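Structural description and commentary
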Amino acid sequence: MRRTLTLAAIASLLVTGVAGVPAQAVAAPSEVAKAPDSVAYLVDTYGVTQAEAVRRLKVQAASRDLGRQLRQDLPDRYAGMWLDQKNGGELVVGLTAGDKSDVAAKLPSFVRLRTQPATYSMAQLEAMKARIEPSLGDGEAAVIDVHRNRLAVWTPGTATVTRMSSLTRLTAAEPGVVVARRQQGRLATEDKAEATTAPTAKAGPPCHVLICGPAPMRGGYRLDVPRDDGTTGPCTAGFNIRGSNGWQYIITAGHCFRGSNHTHIDKTSHNGIAVGYEDTVLTNSSYPKDYAISPYQTKPDQVDYWGGTPRNLVRHQCASSHVSCVSKDWPVWDQWNYEDILLGFIACRTGSADTASGGGGWLTGTYCGEVTDFNGGIVTNHCGRKGDSGGPLFSQFDNSAYGILHDGTDVKGPCYGANGTNEEWSDFTALSVALDDAWLQNWLNGGGDIDYELITSANG
């Protein structure tokens, strides 16, 4: 689903409040209810009011169209933007020339603006990226670092010194380019010592991400993946996907189906009921393209997890003590492309890691946090544990999908830091990147021209 709004329309839709009172002064209960845990994260982390938290989420929701408008109006000067949550929730816009007045008149009144001088425009950075990308290998990515006004060439954490030196030589002729190695976590590497057995089947509500009876399948649910040694490995369902061929799929992390203990074609289940199966063409375990688009199993004599509606849900499972937290299904109405997601975005992720894989004191479910960097995928300060891989990253406020979990901090037990997020990190494969790569791989392998897209309507 793609939408482009004029700035006037954005202002009309998003600037709300009590008559005669500025929008940032009052947060209507309905606005807080749109994203209660995202609001709670901002209130707890930055000490702001609920009204201020809502204002920041409005800026986030409007940023995609604002960025496209600025790119169109200032093509030679616009250098990207991000949200500075630490310094007043400002929208920071990079400019190679001109001043704040060039931008301020184009923005809705609820946006607090700060401009920052930049050496390279987005157009120049994109040109650098286009020149370097053809020489990159598997797991490497050229990413525009808007915050630092440069291009970062990211390599896997296992990259050799020789390869790092080769990339440095490759980029030497390009000003404003750096080479960086990603952090190594532990979620994307299977640990046989943590093998688990499938949970005992139960039927009927209430639903929990670990065990739920009724269909349809939702993002955030536990997926049990069989291993060659007879055990199962826990992963998490991301989002429901449809193909232009008329098939339906569930997306999760590709590394859930790969490894020395997965030499067969895997078939996943939840609550003892069949879910999907591995399609080797639509499975990639090399971050930042760590995904598996898994077709649903269809057995006439067996209840499956595709049946029923609505089909555009992710599960919000409370893993916090906030009184505002309510476990419920969350509809997904839109997908954001990787390039439109900004530093400082507030997002939530759901996972199904239990105490067997997460460690003592770990709470299964949904955590909200913040986008902190980009390394070919989306880097956040969420905590996660083994079993959360593949789970959905989404915005509560505008019901949008961002990505699926790849990797995270090498720890076990309860989350660290304020709200269980600030001292940890997670990497997410961008959903738009995964779906684009799936189209390419299917085409290269003779499967034809099939588009894969997020299901955003109730009936799919």
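Since the structure is predicted, the reported quantities are computational estimates derived from the model, not experimental observations.

1. Thoughts on the overall build of the protein chain
Along its length, the protein chain carries nine helices and 24 strands. Within the protein chain, the proportion of its 460 residues that are buried is 56%. A total of about 18,100 Å² of accessible surface is found on the protein chain, and carbon and sulfur atoms cover 53% of it.

2. Comments concerning the environment of G344
Structurally, G344 is set in the loop between β17 (334-335) and β18 (346-351). Taking the relative accessible area as the measure of exposure, G344 reaches 1% and is therefore buried. Along the backbone, G344 and E370 are 26 residues apart, and their C-alpha atoms lie at a distance of 5.8 Å.

3. A closer look at the nonpolar core
L91, V93 and I378 are the most contacted members of the largest nonpolar core, which totals 52 residues. In contact with I378, not counting residues within four places along its chain, are Y287, Y338, I341, V371, D373, L393, Y402, S426, D427, F428 and A430. By size, the runner-up hydrophobic cluster in this structure holds 34 residues, among which are Y41, Y249, V314 and C368.

4. What about helix α4 (residues 50-73)?
Between its first and last C-alpha atoms α4 spans 33 Å; for 24 residues at 1.5 Å apiece the expected length is 34 Å, and the two agree. Helix geometry: α4 is bent most strongly at S63, by close to 50°. Of all 24 residues in α4, 18 are buried; the element is thus mostly enclosed.

5. Some details on helix α3 (residues 36-46)
What sets the pattern is the α-helix's 3.6 residues per turn: residues three or four places apart point alike. Every buried residue belonging to α3 is among P36, D37, S38, V39, A40, Y41 and L42, and all of these are buried. Where α3 is buried, its residues meet α2 (29-34), α4, β15 (313-316), β16 (328-331), β18 and β19 (365-374). Positive backbone phi, at 65°, marks G47, one or two positions downstream of α3.

6. Notes on the packing of aromatic side chains
Here the structure, examined in full by the defined rule, presents eight aromatic pairs. Relative to Y402, the ring of W336 has its centre 6.2 Å away and its plane inclined at 80°; by these criteria the two rings are edge-to-face. Taken together, the positions of W336 in the loop between β17 and β18 and Y402 in strand β22 (residues 400-408) put the pair 66 residues apart, joining distant regions of the chain. Take W336: its relative accessible area is 0%, and that puts it in the buried class. Of the residues examined, Y402 reaches a relative accessible area of 1% and is grouped as buried. Aromatic ring contacts, followed pair by pair, group W247, Y249 and Y452 into a single cluster. Positioned over the ring face of Y46 is R56, at 5.8 Å from the centre of the ring.

Here is what the cut-offs are and how they apply
Here, residues in each chain are numbered from 1, in the same order as that chain's written sequence. Local features in a predicted model are, by the rule used here, given only for residues with pLDDT of at least 70; side-chain atom pairs are given and counted only at 80 or more, and totals for whole chains, interfaces and linings are based on all residues. Values reported for side chains reflect all heavy atoms of the structure, with hydrogen atoms and water molecules removed beforehand. Numbering of helices and strands runs from the N terminus; a helix is a DSSP stretch of H or I covering at least four residues, while a strand is a stretch of E covering at least two. Each residue's exposure class comes from its accessible area (1.4 Å probe, protein chains only) as a fraction of the maximum for that residue type: buried when under 20%, exposed when over 50%, partly exposed otherwise. Areas reported here follow the Shrake-Rupley algorithm with a probe of radius 1.4 Å; residue values treat only the protein chains shown as occluding. Nonpolar cores were defined as sets of buried Ala, Val, Leu, Ile, Met, Phe, Trp, Tyr and Cys residues, with membership established by side-chain atoms within 4.5 Å. Any pair of residues with heavy atoms lying within 4.5 Å of one another is described as a contacting pair. Multiplying 1.5 Å by the residue count of a helix minus one yields the expected span of that helix. The term bend refers to the angle at a residue between two fitted axes, each drawn through seven residues, those ending there and those starting there. Centres within 6.5 Å make a pair out of two Phe, Tyr or Trp rings, where for Trp the six-membered ring is used; the pair is then stacked when the planes are under 30 degrees apart, edge-to-face when over 60, and tilted otherwise. Over a ring means this: the NZ of a Lys or the CZ of an Arg is within 6 Å of the ring centre and within 35 degrees of the ring normal.

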